[in-house]
Amino acid sequence: MQQKTVLRPSGNAWRRKAGLATVESETRAVIFDLDRLADPPMILEGPAAVIWTALDSEIAKDAKDLVDQVSRVVGLSPADIEPDVSRFLDDLALKGLVVPLRTNP
Amino acid sequence: MTESRTLPVEAGPLVHALVNRVASELDVRALAIKGPALAVQGLRAPRASADVDVLIHPADLECFVERMLGLGWFESLPSSAPRIMPAHSVNLLHERWSVGIDVHHFFPGFLGDPEQVFEALWERRATVDLAGAPVLACDPVGQVAVVALHLLRDCPEGGSPALNDLRDRARQTMDRDRLADLLSLAKQSDAVGPLHPFLQSLDLHMDDLVSVENAEGFALWQTYTTAEPSAPWVLKLAATPKYRWPGVIWHAVMLSDEEIRVLHGGPSGESLAHLRWSRVRRGVRTVPPAVVAHLRRRSATRSSDRKRRGTTSR
């Protein structure tokens with residue numbers, strides 16, 4: 001039996017997917033994918049909203065820069081939050097809300 | 001990451017973006033009116049609303065609503081109570097969205113042909129940024145006309161705090177030429193009559209003689225905006241053979257439980273029987289004067305129509 005391979009979307013840089021409508025505040029972001037009109041909006045709160053706010057829709061941000069930026073906002077060291085940030089970005093990518101870019105081969 | 005309901009202040013701009021995308025995909029024409037678009041244009045303070053409003057080309061209403069139903073939206077139950085104004089919008093709701101959508105296929109107070117009125121508003125459309133997405137909307141001039149007509153329904157003589165706020169914001173955000181444009185749009189859409197008090201408040205139309213193309217529509221507007229709450233039932237009785245009056249009166253008093261709750265229910269949680277009894281007492285008090293007023297108005301309108309055609313003096 002052939003084993004199914006799950007591709008992880010991890011990348012070295014990230015940007016928001018184009019075609020999203022978003023309403024954002026400091027602690028909350030509501031995201032609606034205009035390419036998936038039947039889906040409900042996604043609500044991000046707390047640290048998730050902080051990570052989302054750090055992303056840009058046009059310029060891909062380096063993963064390390066993202067972690068640094070979020071760490072400054074939440075007051076924790078980059079090393080402490082890096083695994084959670086990476087996991088969360090992967091989740092967002094699987095939902096089609098962010099685009100991972102691989103800058104290194 | 002949650003999928004709970006959005007707050008209305010968040011949902012409003014998002015739903016406008018959704019509507020704009022649906023209209024674009026269907027290649028139909030829709031304009032955001034009132035609500036968040038108005039706030040972006042500086043014509044009202046930002047605030048949450050229970051519904052967002054969109055004006056759609058009358059010919060496109062059916063296919064637009066059909067597509068929205070396909071996306072999980074559903075039509076709210078229309079009231080069985082009679083109304084003076086013909087239905088001018090479809091109210092759509094969705095279990096996962098905290099705001100509804102009022103899809104207008106015409107807007108009361110624009111007395112011109114609905115398709116021509118839409119063309120006039122479409123021709124001067126603007127793009128506003130809502131939830132980070134470009135959304136087609138009425139331009140400020142069109143918005144002011146729409147919102148003024150909306151507010152004049154409850155205060156036809158003008159001068160309400162909301163109308164004064166709109167007037168002040170219009171003056172602050174629009175130069176003299178754009179304000180003059182409002183008068184042009186009012187003429188183009190045959191809305192000078194209904195808008196007259198607001199136009200006067202902007203020093204745009206000081207003549208007491210108002211030219212109205214659709215005199216019948218203007219009379220209906222005047223009836224609608226000055227009517228007692230019981231007036232739709234009075235008009236319904238007037239249009240019903242006398243032998244069927246008991247049935248109409250029974251329905252007027254009883255309505256459905258849901259309608260009674262919507263119309264009269266408050267936070268106090270009064271019983272349906274109590275709310276219905278209050279309705280009966282109110283009806284006994286207000287309907288006879290309303291019948292007399294209706295008969296006088298009808299007599300005056302017929303007399304006036306005979307004297308002049310197309311011109312109405314306020």
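Treat the numbers as computed from the prediction; the structure is a model and nothing was measured. Counting starts from 1 at the beginning of each chain's written sequence and moves along it residue by residue. Each chain is given a letter, starting from A, and each ligand a number, starting from 1, according to the order in which they appear as written. Only residues with pLDDT of at least 70 are given local features in this predicted model, and only at 80 or more are side-chain atom pairs given and counted; all residues enter the totals for whole chains, interfaces and linings. To get the side-chain values, all heavy atoms of the structure are used, and hydrogens and water are removed first.

A. Spotlight on the overall build of chain B. Segments assigned H or I by DSSP are reported as helices when at least four residues long, segments assigned E as strands when at least two residues long, and all are numbered from the N terminus. If you tally the helices and strands in chain B, you get 13 helices and 9 strands. Each residue is placed in one exposure class: buried if its accessible area under a 1.4 Å probe, protein chains only, is under 20% of its type's maximum, exposed if it is over 50%, and partly exposed if it falls in between. Expressed as a percentage of its 314 residues, the buried residues of chain B come to 47%. Two residues qualify as a contact provided that any one of their heavy atoms is within 4.5 Å of a heavy atom in the partner residue. In chain B, the proportion of contacts linking residues at least 24 apart, taken out of those at least 6 apart, comes to 67%. Areas reported here follow the Shrake-Rupley algorithm with a probe of radius 1.4 Å; residue values treat only the protein chains shown as occluding. Carbon and sulfur atoms form 53% of the exposed surface of chain B, whose accessible area is close to 15,800 Å².

B. Seen up close, empty space enclosed by the protein. Residues and elements named next belong to chain B. Space inside and on the surface of the protein is sampled on a 1 Å grid over the protein atoms alone, with a cavity defined as a set of points where a 1.4 Å probe fits but cannot get out and a pocket as an open set with protein on both sides within 12 Å along at least 5 of 7 lines; lining residues have an atom within 4 Å of a point. Grid points are joined across faces, edges and corners, and a volume is the space filled by probe spheres set on the points. Enumeration according to the criterion identifies 2 cavities of 30 Å³ or more in this entry. Estimates place the volume of the largest cavity at around 50 Å³. Along the walls of the largest cavity sit Leu55, Phe106, Phe107, Phe110, Gly112, Pro114, Val117 and Phe118, which together make up its complete lining. Ten residue types, Ala, Val, Leu, Ile, Met, Phe, Trp, Tyr, Cys and Pro, are classed as nonpolar, four, Asp, Glu, Lys and Arg, as charged, and the remainder, Gly among them, as polar. Here the lining of the largest cavity is composed, by residue class, of 7 nonpolar, 1 polar and no charged. Estimated volume of the second largest cavity: approximately 40 Å³. In this structure, the second largest cavity is lined by His16, Val19, Asn20, Ala30, Leu31, Ala32, Val54, Val135 and Leu136. Looking at the lining of the second largest cavity, its residues break down into 7 nonpolar, 2 polar and no charged.

C. Up close: the sheet that holds strand β2 (residues 20-24) of chain A. By the convention used here, strands pair only if DSSP detects at least 2 bridges between them. Spatially, the 3 strands line up as an open sheet ordered β2-β3-β4 (chain A), and their pairing is antiparallel. This sheet does not close on itself; its edge strands, each paired only once, are β2 and β4 (42-45) of chain A. Sheet twist, expressed as the average angle between the axes of neighbouring strands with direction ignored, equals 20°. Two elements, β2 of chain A and strand β3 (residues 28-33) of chain A, share 5 bridges in a ladder whose sense is antiparallel. Its bridge partner being in β3 of chain A, Thr22 of chain A is matched across the sheet by Ile31 of chain A. The strands touched by helix α1 (residues 8-26) of chain B are β2 and β3 of chain A; relative to β2 of chain A, the strand with the most contacts, the crossing angle is about 165°. Interaxial angles span 0 to 180 degrees and are taken between N-to-C directions of axes, which are lines fitted to C-alpha atoms, for helices over the stretch in contact.

D. Structural context of a nonpolar patch on the surface. All names here are of chain A. Distance thresholds for patches are 9 Å for like charges and 5 Å for nonpolar side chains (Val, Leu, Ile, Met, Phe, Trp, Tyr), applied to residues having over 30% relative accessible area and no salt bridge. A carboxyl oxygen of Asp or Glu within 4 Å of a side-chain nitrogen of Lys or Arg is what we treat as a salt bridge. Together, Val73, Val74 and Leu76 give the surface a local cluster of nonpolar side chains, amounting to about 250 Å² of exposed area. Relative to the helices and strands, Val73 resides in helix α2 (residues 63-74). When its relative accessible area of 56% is taken as the criterion, Val73 is described as exposed.

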